[in-house]
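# Working through the structure, step by step
So you can see what is in the structure, the chains are spelled out below.
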Amino acid sequence: MSTLNDLSRDMVIFISGTPCTGKTTVASSLNDYLSLNGFNSKLIKVNDFAFENDLVLGEDPEKLYKVIDIDKLNQCLNEEIKSFKSSLKGNGETSVLIVEGHLSHLCEGADKMIVLRLNPSILKERLEERSYSPSKIQENLEAEALAVCSAEAYEIYGDNANEIDASDKSIEEIRNLILEIASDNLESPVGSIDFMDWILNQS
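Residues numbered from 1 in each chain as written. Predicted model: local features only at pLDDT ≥ 70, side-chain atom pairs only at ≥ 80, totals over all residues. Heavy atoms only, no water.

## Concerning the nonpolar core
Taken as a class, soluble globular proteins show a tendency for nonpolar side chains to be buried jointly. Note the threshold: Nonpolar core, defined: a set of buried Ala, Val, Leu, Ile, Met, Phe, Trp, Tyr and Cys residues in which side-chain atoms within 4.5 Å join the residues together. Here's how the labels work: a residue is buried when its accessible area is under 20% of the maximum for its type, exposed when over 50%, partly exposed in between, all with a 1.4 Å probe on protein chains only. We count a stretch as a helix when DSSP gives it H or I for four or more residues in a row; a strand needs E for two or more, and each element gets its number in order from the N terminus. For this analysis, residues touch if any pair of their heavy atoms sits within 4.5 Å.
Counting residues in each nonpolar core, the largest one holds 30 residues, and the members touching the most others are L7, I13, I15, L34, I114 and I178. Among the secondary structure elements, those contributing two or more residues to this core are β1 (11–17), α1 (23–36), β5 (95–100), β6 (112–117), α4 (120–129), α5 (134–145) and α7 (171–182). Here I178 is in contact with I13, I15, V26, L30, I114 and I164, once residues within four sequence places are set aside.

## Notes on the sheet that holds strand β7 (residues 161–165)
What counts here: Any two strands between which DSSP finds at least two bridges are classified as paired. To define axes, lines are fitted to C-alpha atoms, for helices over the stretch in contact only, and angles between the resulting N-to-C directions are given on a 0 to 180 degree scale.
With parallel pairing, the 5 strands of this open sheet are ordered in space as β2-β5-β1-β6-β7. Strand pairing shows two members of the sheet lacking a second neighbour, β2 (40–45) and β7, which therefore form its edges. Strand-to-strand twist across the sheet, computed as the mean angle between neighbouring axes with direction ignored, equals 20°. In terms of strand pairing, β1 meets β5 through 5 bridges, oriented parallel. Residue pairing in the sheet places V12 in a bridge with L97 of β5.

## Notes on α7
Residues separated by three or four positions in an α-helix point in the same direction, a consequence of the helix having 3.6 residues per turn. Stated formally: What a helix is expected to span follows from its residue count: subtract one and scale by 1.5 Å.
In this model α7 runs 16 Å from its N-terminal to its C-terminal C-alpha over 12 residues, within 8% of the 16 Å that 1.5 Å per residue would give. What α7 keeps buried is the set I174, R175, N176, I178, L179, E180, I181 and A182.

## Quick notes on the packing of α4 against α5
Threshold: Angular relationships are summarised with four words: roughly parallel below 35 degrees, roughly antiparallel beyond 145, roughly perpendicular across 65 to 115, and oblique for the angles in between. Handedness of a helix crossing follows the sense of rotation of the near helix relative to the far helix, less than a right angle counterclockwise being left-handed and clockwise being right-handed. In this count, Pro and Cys sit with the nonpolar residues alongside Ala, Val, Leu, Ile, Met, Phe, Trp and Tyr, while Asp, Glu, Lys and Arg are called charged and the others, Gly among them, polar.
Orientation of α4 relative to α5, taken along the N-to-C sense of each, is 150°, at an axis distance of 10 Å. When the interaxial angle is binned, α4 and α5 end up roughly antiparallel. Handedness of the α4/α5 crossing: right-handed. Listed contacts from α5 to P120, L123, K124, L127 and E128 of α4 are I137, N140, L141, E144 and A145. Looking at side-chain class alone, the contact of α4 with α5 contains 6 nonpolar, 1 polar and 3 charged residues.

## Describing the pattern of salt bridges
In plain terms, the rule: Throughout this description, the term salt bridge denotes a Lys or Arg side-chain nitrogen within 4 Å of a carboxyl oxygen of Asp or Glu.
In total, this model carries 6 salt bridges according to the counting rule given. When the shortest N-O distance is used, the salt bridge between K136 and E139 registers 3.5 Å. Here the residue K136 and the residue E139 both occupy positions in helix α5, the gap between them amounting to 3 residues, near one helical turn. On the accessibility criterion, K136 (13% relative accessible area) is buried. What emerges from the salt-bridge pattern is a single network uniting R117, E144 and E163.

## Digging into α5
Going by this rule: Think of it as the arc spanned by the lines of direction from the helix axis to the C-beta atoms.
For α5, with 12 residues, the first-to-last C-alpha span of 16 Å sits near the 16 Å given by 1.5 Å per residue. Residues K136, I137, N140, L141, E144 and A145 constitute the buried set of α5. Looking straight down α5, one finds its buried side chains confined to an arc of 165°; they lie on one side. Of the surrounding elements, those touching the buried residues of α5 are β6, α4 and α8 (196–202).

This is how it looks when you write it as C-alpha cells:
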C-alpha cells in the first residue's frame, strides 16, 4: 500500500487505455481519494476538455465517434498544465493534476503516464454492454490485444509510461497501484502485460 507521504512533489498523472478499461471510474476515485486526504487534486476529462475548447473536427460517419484535433488538444492541454503548475507556487500544498481519456497518451506533459489494460474477453463484455457495433468491438479488442495504447504511450514517454492489468482488480486496488507508480515505489513498465494469446485463439 502506498503511503501518500511519498507523493512529495506536485505532479501530473495521465490515465489512458482502450475504451471501457475503467479510466473514468479509476481517475474519479483517485481524484476523490487525494482530495479527501489533503491534496489539491484536479481532474481533467479529455473528452469534455476537447468539447469545451472547440477541438472536435467532426464525427466519423462509419465508426460514430468524434474526431478530435490531436495537435491542438496537446497544445491546449499543455497550456492548462502550465497554468496549473504556475498557480501552485508558494501555496505550500502538494498538488496533483489527473488527466483521463483515451487520447491522453498521445499528448505530452505527464510526469507519469498510466495505461490501463484489460483482458480482451472481459473487455468484449463491457463493449457489448455499451452497445458498440460489432466492427467497433473487434477493432478495440484487437487494439487491446496488440497493446496499441501502450506502444503509442511509450513512443512519447519511454520509461515514464506504465501499464496496469485491471482485469482482476477492484477500483481501489488499481488506484493504489497508480499511487505506488506515482510515488516511484513500483515499476510496471510497458511490455509487462501480454494479451497476444487472445489474438492467437481467434485464428
